[in-house]
Structures are given as structure tokens and as C-alpha cells.
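Listed below are the residues making up each chain.
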Amino acid sequence: MLVAFLMLMAAPLGNLAHADWEYIRADDKVRGTITLSGRQGSIYVSARQFCYAFGCRVFYQWANFRAVIQNTNEHTGAVVSSLTHVALVDGNVIDFEGRVLSDLGEGYLLPVNLAEKLARTLKLGKLIERPSEAVAKNIPEGGFTLNKIVLDPGHGGNDWGTGISGIYEKDVAVFYALKLRDEIKKAMPEVEVLLTRDNDRFVSLPDRAKFANSRNANLFLSLHVNHAADPKVEGVETYILSPEATDDDAKKVALLENDTWLKNAKISEAGNTIKKILIDMEQTRYIQNSALVASMIQQELAPLDTSHGLKSRGVKQAMFYVLSQVAMPSTLVEMGFLSNTGDRSRLMDVVFRDEFIKSLISALKRYRDKVNTKETH
């Protein structure tokens, strides 16, 4: 109820313009660009993007109208609030110009001068204006477009995913992702395509999300294959993020895909992360578009039932860690069940793969045309 109330009370403030600034982490080993937005005549950066850049952590405490930013390496922390013009950094009060904003789409926004001070006082690094970006570019109304896609082949390296008869999820996923990348480049040359991995190597779920966020992608598409105890279960299903799973089967799928992260995360960290996700208002901005692209994918794949016998299991919801961490519309496609003889045979068929990829391309084109003409906000 609290989250719903705050969502109603937080009026969208509207993106005016944006520019890329440079960030350099304290160890000088990581540097890159971070996007700042113009709001109400001032320049802001979202707390989440700030922490993606500098490797810190942000926790929203909506009930108290504040956010906590932590540098876990240095054991330093700051508290910022939308109710005051000061921030508390390791027990010390610091002043800053402007005010922290709360926004339905972006969560908490930090004035750039506060962000600069936090980077320095929390020993995170430096935030530097890039002179070449003095003239900001306009952001499309609603903030959505499609010009950069991150494809995420599930698992990899020592994380095999599900498997049967010598066929493993990690191999099928990258097999399809590489073909999809090539076909997107042909069908939509204006769209940049990036992969979280293009070979057999392990990439953690947090690193997959960081990769997509650091490159300011505007769609995250994760490819997986499924498994069921009942070998008769078959078909393709597409997932979007939700704290509440559609059904017990969806819960099982999410547990399988989150398994590696849960094993490597500290139990307390995993539990706290899940709880924070449930009230992370920033994700609400992307749900509508995630559901839109997911439904288009399932619609375009439906004819493969007639031509290849691929059953459509529809769009479902579940708590996928990797989807929860990307700051963009996102969806996860379970392309079929390796545990089912029919699906397994289809997935290993190059002719079927090409038809499957064509269907995904058709869905992505529809989604691009929808958001690039500003029909969806």
C-alpha cells in the first residue's frame, strides 16, 4: 500500500535534456561515462546510475523519504533525503545546491554538485564534466526508444544451466544469441546490438546487468532454455519481472535461473536484495514496455506451433534477479524445454532456429516502431 501511495504522489517531472559526464573510480581502474538529465533548470543523476558507475550500493527507504548510499569497500555511507537540502556523510552534514528529487520513473535524483561531493567524500572517485557535451541532446518524450539492445545468453563457463543428452543450456543460448545479433544487424542496421557474452565464459548476473546499464541500452533480452520434471511439458514462454510469480512453474523457473547468483551471494545479501527489489519504484517505469515487448514476442512465435509444433505457453511473471537489476525494459525468453524430446529436437535444428529468430526480429521491429513513434510512454 505504501508503494502504491508513493507512486501516485510522485508526479513525473519530465526529462528536459541529457549529457554524458565522465566518471573515474578511486582505484583509477574503471572509468566511463554516466548520463545526467536536466530537470527543473538543474542537472541531476539518478542514485542508481551513480552507484552503477562507482560500484556503490543504494537502498531506498521510501517510508522515511530518503536513500542510503554505501561504499562497501571503504565502509563509508551517506543519507540523502527529498525533505532536506543537506546530506549526512559518515555522521557529518554537507550542504549542496538544489534538492534531491523523487520521481516515479527514476527513483531518487541527485543534483550534480551533490553527486560530485558524494563521489569524493565517500572515496568512490571523481565525476567530471565533459566539455564536448556542453550542448545537451533532447530526450524523446516518455524517455523510450530502441536504438541499442543487449542480448544476454544465459549461463556460460562453469555454469552449464540445464542439460540432457550432452546438450546444455549455455551452448543453446549463445548459439541462438549470435544468430539473433547477426540478423538484427541486417534487419535493423540503425540498432546497435551488444552481447553480455559471445563465447563459453562465465558472467555473473550482477555483471550482466552492469554491462547493460553502463552502455545505456534501452532493451535487455535474455535467452534461456527450460527444464521440467515431467518430460511431456513443452513450449516457449516469455517472462517479465514481478515479485509475484504467475504460478508454481514460474517460481521454479526463476529459482533455476537465479540459482548461481543465490549460491554465490551471502544469504543476508540475497535476502536484503530481494526485499529491496519489491519496493524499488524505479523498476515500475519499465514494466509497461517490458510487458509490451514480451507480448509481441509471444504473438510472433505463435505461428511456429503450426509450422514446427512449438507450443506457446504465453507471457508470465516471476522474480528474476538479472531483470530486476537492469534500468531499461527487459524480458527473458525460455525458448523451449530440453527435457522434452520434441523441443530438444527443434532447438537443435538450424532451420527451426532461423524461423525462431525471424519471429523475434518481427517482434523487435514492432516494438521499435511502437516506441520510436512515441505511442508508448
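In the block above lies the structure referred to throughout.
Residues numbered from 1 in each chain as written. Predicted model: local features only at pLDDT ≥ 70, side-chain atom pairs only at ≥ 80, totals over all residues. Heavy atoms only, no water.

**What to know about helix H5 (residues 205-214)**
We apply this condition: Three exposure classes are used, based on accessible area relative to the maximum for each residue type with a 1.4 Å probe and protein chains only: buried under 20%, partly exposed in between, and exposed over 50%. Here a helix means four or more residues in a row that DSSP labels H or I, a strand means two or more in a row labelled E, and each is numbered from the N terminus.
Those residues of H5 that fall on the buried side of the exposure criterion are Leu 205, Arg 208, Ala 209, Phe 211, Ala 212 and Asn 213. The first or second residue beyond H5 is Asn 216, which carries a positive phi of 55°.

**Comments concerning the state of the cysteines**
The line we're drawing: Note on terminology: pairs of cysteine sulfur atoms within 2.5 Å are recorded as disulfides.
Under the definition given, this model contains 1 disulfide. The disulfide that involves Cys 51 links it to Cys 56, with 2.5 Å between the sulfurs. Torsion about the S-S bond of the Cys 51 and Cys 56 cystine: about -100°, corresponding to left-handed handedness. The same class applies to Cys 51 and to Cys 56, which are both buried.

**Re the packing of helix H4 (residues 169-187) against helix H12 (residues 350-372)**
For the record, the criterion: Only the stretch in contact is used when a helix axis is fitted, and all axes are lines through C-alpha atoms; the angle between N-to-C directions ranges over 0 to 180 degrees. Orientation labels follow simple angle bins: below 35 degrees gives roughly parallel, above 145 gives roughly antiparallel, 65 to 115 gives roughly perpendicular, and whatever is left gives oblique. With the far helix as reference, a near helix turned anticlockwise by less than a right angle produces a left-handed crossing, and one turned clockwise produces a right-handed crossing. Whether two residues touch is decided by their heavy atoms; if any such pair falls within 4.5 Å, the residues are in contact.
Relative orientation of the contacting elements H4 and H12 amounts to 50°, with a least axis distance of 10 Å. Regarding the angle of H4 to H12, the classification is oblique. Here the hand of the crossing between H4 and H12 comes out right-handed. Residues Phe 175, Tyr 176, Lys 179, Leu 180, Glu 183, Ile 184 and Ala 187 of H4 lie in contact with H12, whose contacting residues are Val 350, Phe 352, Arg 353, Asp 354, Phe 356, Ile 357, Leu 360, Ile 361, Leu 364 and Lys 365.

**What to know about a nonpolar patch on the surface**
Put simply, the test is: Residues with no salt bridge and a relative accessible area higher than 30% make up the patches, which join like charges within 9 Å and nonpolar side chains (Val, Leu, Ile, Met, Phe, Trp, Tyr) within 5 Å. Surface exposure here means Shrake-Rupley accessible area, sampled with a 1.4 Å probe, where a residue is shielded only by the protein chains that are shown. We count a salt bridge whenever a side-chain nitrogen from Lys or Arg sits within 4 Å of a carboxyl oxygen from Asp or Glu.
Where nonpolar side chains cluster on the molecular surface, the patch consists of Val 86, Leu 88 and Val 93 and spans about 230 Å² of accessible area. Tracing the chain through its elements places Val 86 in strand S7 (residues 86-89).

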